[in-house]
Amino acid sequence: MAHYDVVILGAGPGGYLAAERLAAEKLKVALIEKTDVGGTCLNIGCVPTKTFLNSAKLYAHAREGTAFGVETGDVRVNWPRVVAWKDEVVTRLRRSLELTLKKGGVEIVRGQGKLTGAHSVAVENGASEPVLLDADSIIVATGSSPIIPPIPGVKGNPAVLDSTGMLSLKDIPQRLCVIGGGVIGVEFASLFSSLGSKVTVIEMMDEIVPVMDKQMAMMLRNALKQVAFMLGTKVTSVDGRNVVYETNGGEKGSLEADAILMSVGRKANIEGWGAQETGLEIKNRAVATDAHQRTNLPGLWAIGDVTGKSQLAHAAYRMAEVAVADILAARRGERSVQEFVPETVPWALFSLPEAAGVGYTEHEAKAKGYDIDVIRTPYGVSGRFIAENGFSAPGSIKIILEKTSERILGVHMLGAYASEHIWGAALALERKLPLSALQNMVFPHPTVSEVIREAAWSAR
Ligand SMILES: Cc1cc2nc3c(=O)[nH]c(=O)nc-3n(C[C@H](O)[C@H](O)[C@H](O)COP(=O)(O)OP(=O)(O)OC[C@H]3O[C@@H](n4cnc5c(N)ncnc54)[C@H](O)[C@@H]3O)c2cc1C
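Only a predicted model underlies this, so the values are computations on that prediction, with no experimental measurement involved.

A. Structural detail: the site of the ligand. Taken together, 38 residues surround the ligand, and among them Gly10, Gly12, Gly39, Gly143 and Gly304 come closest. For the shell around the ligand, the secondary-structure elements that each account for two or more residues are helix H1 (13–24), strand S2 (29–33), helix H2 (39–44), helix H3 (46–64), strand S4 (112–117) and helix H9 (313–331). Among the residues forming the shell around the ligand, the class breakdown is 14 nonpolar, 20 polar and four charged.

And the structure:
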């Protein structure tokens, strides 16, 4: 049996970052992966969807160019080329990641890994005998998968696709029905409506994207003009391409679509790798971990989507760093001080326009009992935003403050580049900074990020 300092199960963002960092510390590391290195994010998640969304953005800009003095003539989308570019980006990034891992000294072990104890793993790779590995420490990073609810007519229906199926569509669907208005559903709705599909989003709740501040979510919905949103509506069955629904008020109806995206959420991958057999604690259908990413089994850590703490690649990165720090400290007989703090993890939605946020929404801050002040500022205060997007483009920032201390509790943005400058707000939250910290900071001019500074000063 081969011995390693650390064995990692799953080579998504959590797993590969942990492997890279541990190998850099000269530890002997094995990274087990049953499909593609890079996991959901690189192969079928963040990277392919953002590549598609960039093509949609280019298309929109080209069509709107006349108002900005750029005439392009007949602008068309070459869908096979859009898909080919996405495939090229994913393949090249994956190859480069594999190379970086190998160069860094990480041993990539292909196959389906299964815990046989808190310090041992068996890897099935089609050979007659599994490859057996044992390790001082194990990190579980098996990720998550789409939830397919038991709605009659969904299972085995070729018209119903999950997010992975949407990545290899042969054509742009004329009519797309998106079931579930969360982050993934709204990104696909934005993408295909920008490319000319007639898109309907059916959402059971009274607003889209639960992570968003409700007011900002409503603004996003209004900004996605070409998308029809049916809120408070539940899909009751699917008959071929016919989606049957019922509203909260009991009104029934149906609509036809050429493609139906099922995007009602993702579930932690807790099965098939020995969690139950080894006695790993499972809570709320995810691997239970403390703030250092330790599980109930000594020597075993879990990170990323499988922990149920967050379903974001950068949260998986952070959990990896926290687990690595803890493993290194444990090897020195010490305890790590690093912890994973979900409250300061920013999120971004790469729709057109994009949205991003960090910390409490107005509703959450009130529910937590904070006495708050709310600042709202339109993106129109930024000269660059106007120059690039025109006078009527949607864009807004909202800052939630604790009234007495002026501590920043949440920052929510809708508009161009929101995903690029939300990290600054995350830093303010992470460092528990007051509003004056944003007022006294010098922002480059002219940038859209200046809306943060303008909003901070508008409070006075
Ligand atoms: C369509 C879509 C778009 C997304 N966009 C974004 C975005 O823009 N930004 C963002 O932050 N997040 C985004 N996400 C979420 C992001 O992809 C995940 O949060 C991230 O990939 C989680 O990383 P992870 O390491 O926990 O797991 P994963 O990336 O899911 O990786 C887990 C890996 O473990 C492997 N594995 C599982 N079990 C075993 C086993 N028994 N043996 C061997 N290997 C195993 C899997 O094959 C997989 O490769 C998106 C997700 C989707 C689906």
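Okay, back to it.
B. Representation of the UniProt feature "binding site: NAD(+)" (unreviewed entry) in the protein chain within the structure. With numbering aligned to this structure, UniProt lists the feature "binding site: NAD(+)" (unreviewed entry) at Gly180, Gly181, Gly182, Val183, Ile184, Gly185, Val186, Glu187, Glu203, Gly265 and Asp305. Spanning 126 residues, the named residues do not form one spatial group; their C-alpha atoms are separated by as much as 23.2 Å. With respect to the element layout, Glu187 can be found in helix H6 (residues 183–194). For Glu187, a count of 24 C-beta atoms within 10 Å corresponds to the buried category. Beyond its immediate stretch of four places on either side in the chain, Glu187 contacts Thr49, Leu53, Leu349, Phe350 and Ser351. Tracing the backbone through its elements, the reader meets Gly265 in the loop between strand S15 (259–262) and strand S16 (266–268).

C. The arrangement of the nonpolar core in detail. Grouped together as the largest cluster of nonpolar side chains are 131 residues, with contacts concentrated most on Ile8, Ala18, Val29, Leu31 and Ile260. Not counting residues up to four positions away in its chain, the partners in contact with Leu31 are Ile8, Ala11, Gly15, Tyr16, Ala19, Leu101, Val106, Glu107, Ile108 and Val109.

D. Quick look at the domain arrangement of the protein chain. Taken domain by domain, the protein chain consists of domain 1 (2–146 + 267–331), domain 2 (160–264) and domain 3 (353–458). Each of domain 1 and domain 2 was reduced to a C-alpha centroid, and the two centroids are 28 Å apart. Taken together, the contact pairs eleven residues of domain 1 with eleven residues of domain 2. Of the residues forming the side of domain 1 that touches domain 2, the biggest block, seven residues, is contributed by H3. Partitioned by chemical class, the residues of the side of domain 1 that touches domain 2 number ten nonpolar, one polar and no charged.

E. Main features of the UniProt feature "binding site: FAD" (unreviewed entry) in the protein chain. Per the UniProt record, "binding site: FAD" (unreviewed entry) is annotated on Lys50, Gly113, Thr142, Gly143 and Ser144. These annotated residues cover 95 residues of sequence, and their C-alpha atoms sit far apart, with the largest distance between any two at 29.9 Å. Along the chain, Gly143 falls in the loop between strand S6 (131–140) and strand S7 (144–146). In this view, Gly143 contacts Gly10, Gly12, Gly39, Thr40, Asn269, Gly304, Asp305 and Val306; residues no more than four positions away in its chain are not counted. Topologically, Ser144 is positioned in strand S7.

F. Spotlight on the packing of H1 against helix H4 (residues 79–103). Here H1 crosses H4 at 30°, and the two axes come no closer than 9 Å. One element, H1, and the other, H4, form an angle in the roughly parallel class. Helix-helix and strand crossings are classified by hand; for H1 and H4 the assignment is left-handed. Touching Tyr16, Ala19 and Glu20 of H1 are Leu97, Thr100 and Leu101, all from H4. For the contact of H1 with H4, the residue count by class is four nonpolar, one polar and one charged.

G. Region of interest: unusual backbone geometry. Backbone torsion omega between Leu352 and Pro353 reads 10°, so that peptide bond is classified as cis. In this chain, His445 is followed by Pro446 through a cis amide linkage whose omega measures -5°. Of note in the backbone geometry, Val209 takes a positive phi value of approximately 45° without being a glycine. With 25 C-beta atoms counted inside 10 Å, the residue Val209 sits in the buried group. Positive phi, close to 50°, is recorded for Asn284, a residue that is not glycine. What makes Asn284 exposed here is the crowd of 7 C-beta atoms within 10 Å.

H. Fine view of the sheet that holds strand S13 (residues 242–247). Here we have three strands laid out as an open sheet, ordered S12-S13-S14, and antiparallel in their pairing. Strands with a single pairing partner mark the edges of an open sheet, and in this sheet they are strand S12 (233–239) and strand S14 (252–256). When the angles between neighbouring strand axes are averaged without regard to direction, this sheet yields 30°. Relative to S14, S13 runs antiparallel, the two being bridged by five bridges. Residue pairing for S14: Val243 is matched across the bridge by Leu255.

I. Broad picture of the packing of H3 against H4. The N-to-C vectors of H3 and H4 enclose an angle of 140°; their axes lie 9 Å apart at closest approach. One finds that H3 runs oblique with respect to H4. Crossing hand, H3 versus H4: right-handed. Contact residues: H3 offers Val47, Pro48, Thr51, Phe52 and Ser55, while H4 offers Val82, Trp85, Lys86, Val89, Val90 and Leu93. In terms of residue class, the contact of H3 with H4 is built from eight nonpolar, two polar and one charged.

J. Just the environment of Leu133, in detail. Summarising the element assignment, Leu133 is placed in strand S6. Residue Leu133 is classed as buried on the basis of its 22 C-beta neighbours within 10 Å. Once residues within four sequence positions are removed from consideration, Leu133 is found in contact with Met1, Ala2, Tyr4, Val7, Ala30, Ser120, Val121 and Val123.

Basis of the calculations
- Residues numbered from 1 in each chain as written.
- Predicted model: local features only at pLDDT ≥ 70, side-chain atom pairs only at ≥ 80, totals over all residues.
- Near = placed C-beta within 6 Å.
- Helix = DSSP H or I, 4+ residues; strand = E, 2+ residues; numbered from the N terminus.
- Nonpolar A, V, L, I, M, F, W, Y, C, P; charged D, E, K, R; others polar.
- UniProt positions renumbered as here; feature names shortened; annotations may be inferred.
- Buried ≥ 20, exposed ≤ 12 C-beta atoms within 10 Å, placed from the backbone.
- Contact = placed C-beta atoms within 7 Å.
- Core = buried A, V, L, I, M, F, W, Y, C linked by C-beta atoms within 7 Å.
- Domains from an automatic or database assignment.
- Axes fitted to C-alpha atoms, helices over the stretch in contact; angles between N-to-C directions.
- Parallel < 35°, antiparallel > 145°, perpendicular 65-115°, else oblique.
- Left-handed = near helix turned anticlockwise from the far one by under 90°.
- Pairing = 2+ DSSP bridges.

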